[in-house]
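Notes for the structure review
Listed here are the chains, written in short residue letters.
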Amino acid sequence: MRYNEKTMAQKYYAGIDVGTHYVKVVVATPPQSADSPMHILATATSASKGMRHGYIVDRKEMTHAIHDTVGRAAAAARVAIRSARVAVGGISLEEIRSSADISLTPSGGIVTERDIERSLAESEKRASSRLVNRTVVHTIPLEFRLDGIPVQGRPFGLQGTKLSVDTLLVTILTQHHDDLVEAVEAAGVEVEGIMAAPLAASLVTLNKAQKTAGVCLANIGAETTSLIVFDNDLPISLKVFPVGSSEVTHAIALSFQVPLSEAEQLKRGAVTGSSIAPGKMNIVITGRLKELFGLINTHLKSIKRDRLLPAGIVITGGGAGLSAAAEVARISLKLPSQIGLPAMSARVSTLDATWAVALGLCRWGFAEDRMGRRHSLSDLIGRMTEALRHLFRSLLP
């Protein structure tokens, strides 16, 4: 959170989504109420250079791209962007499951906030052998138990002798994490917080009803596809696949012997008067999409959620722009399917699905300031989705 230099009073939030093909920056001010859309001051995007499969291979090029994008967003918003929240993604982003037990004797048997923090820290400690060269981005409690009995919600204030917790640790290779932070800071922007890209996107594309019933959010980028699965209003799995919409571009180029630049335009339907029959083009595009959603289905089977997510799959990212994506997902996964537009921008902007991550970062910043940084990530997610439930209802025609 910073202040508009012109008015010295207006709060704003900046979110930076560093993707393989594009850097996207959103600058937004707080909504009039918790249930209202954020006001978008400005957006900016630039070609992302120095990235491969979501991690930095040339920090100098990446810093230049970030600096350029942030600078244009700042000029459009008429603010000085000195800090921002940043999304991390890429193929090294993965989940690790852990659990821990702690004694409640030191606190007299009453569960305190410190006990909850101790249990989460202990779960990280017990996973230490699997965290070599990795940084924990989020520690998400999946279930608390008090003396072996599952707790509905948070255990704060309850009495017992032993507190147990099962956690989902979202991790990334430390080198990839540090390279991204250093590139952003070298561009003159302080990193206020780091959030996994699929989780950030979920903050503005999914509502509480979807997350409670069971839903997966697929962010199809250029070279990676990230998946986050929710059930009972909690993120229960995160997975990144090393394939994205570029696979479709390459397939078109090889199938019809056209340059990559033309193949990209054909993929997006931006070429008129092409001699390539639409039916043949559709076969190539759907073929690659079937392979991608086949990978997603395999993962859903591994966590025993295939065909068992009533809210289905929601698709965001650049791949959401493919006209066949939602239908291929529905047939391949045998689940309801839809494109996930960022609800926070409805009626106040024309942002499409590719902006969900950057806008979600802004929403995260607002939630932290409104609720206080003392709250855990799971608390923030829960309270934010409750607000989203009302917002989605208000946006219905």
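Here goes a summary of the coordinates provided. Note that the structure is a prediction, hence the values are computed from the model and not measured. Every chain begins its residue count from 1, and numbering advances along the sequence as written. Local features in this predicted model are restricted to residues whose pLDDT is 70 or higher, and side-chain atom pairs enter the listing and the counts only when it is 80 or higher, whereas totals over whole chains, interfaces and linings include all residues. Hydrogens and water molecules were not included; the side-chain quantities draw on all heavy atoms of the structure.

Strands here mean DSSP runs of E at least two residues long; helices mean DSSP runs of H or I at least four residues long; both are numbered from the N terminus. Secondary structure summary: the chain contains eleven helices and 17 strands in total. The rule is simple: take the accessible area with a 1.4 Å probe, protein chains only, and divide by the maximum for that residue type; under 20% is buried, over 50% is exposed, in between is partly exposed. The buried share among the 397 residues of the chain stands at 54%. Contacts are assigned to residue pairs with any non-hydrogen atoms lying within 4.5 Å of each other. Long-range contacts, defined as pairs at least 24 residues apart, comprise 68% of the intrachain contacts of the chain with a sequence gap of at least 6.

Moving on, we get to the environment of Val328. Secondary-structure assignment places Val328 in helix α9 (residues 325-333). When its relative accessible area of 7% is taken as the criterion, Val328 is described as buried. Separated by 38 residues in sequence, Val328 and Lys290 have C-alpha atoms that sit 6.5 Å apart. Excluding its chain neighbours within four sequence positions, the residues that come into contact with Val328 are Thr286, Leu289, Lys290 and Phe293.

Below, the discussion takes up the nonpolar core. One recurring pattern in soluble globular proteins: nonpolar side chains tend to sit buried together. The term nonpolar core refers to a set of buried residues drawn from Ala, Val, Leu, Ile, Met, Phe, Trp, Tyr and Cys, joined through side-chain atoms within 4.5 Å. Grouped together as the largest cluster of nonpolar side chains are 70 residues, with contacts concentrated most on Ile16, Met62, Ile66 and Ile81. Here this core takes eight residues from helix α10 (residues 356-371), the largest share from any one element. The residues contacting Ile16, other than those within four sequence positions of it, are Val23, Lys24, Val25, Val70, Ala84, Arg85, Val86, Ala87, Val184, Val189 and Leu361. Counting 37 residues, the second largest nonpolar core, distinct from the first, contains Ile285, Leu309, Ala325 and Ala353.

So, on to the packing of aromatic side chains. Under the pairing criterion, centres of Phe, Tyr and Trp rings, with the six-membered ring standing for Trp, must be within 6.5 Å; the plane angle then separates stacked pairs below 30 degrees from edge-to-face pairs above 60, leaving the rest tilted. Following the criterion strictly, the structure yields one aromatic pair and no others. With a centroid separation of 6.4 Å and 75 degrees between ring planes, the pair formed by Tyr13 and Phe366 is classed as edge-to-face. Of the two residues, Tyr13 is situated in strand β2 (residues 11-18) and Phe366 in helix α10; the sequence distance between them amounts to 353 residues. For Tyr13, a relative accessible area of 3% corresponds to the buried category.

On to the side chain of Ser48, then. Here Ser48 lies in the loop between β4 (39-47) and β5 (51-52). Taking relative accessible area as the criterion, Ser48 reaches 10% and is therefore assigned buried. Look past the residues within four positions of Ser48 in its chain and what remains in contact with it is Gly19, Thr20, His21, Tyr22, Val23 and Met62.

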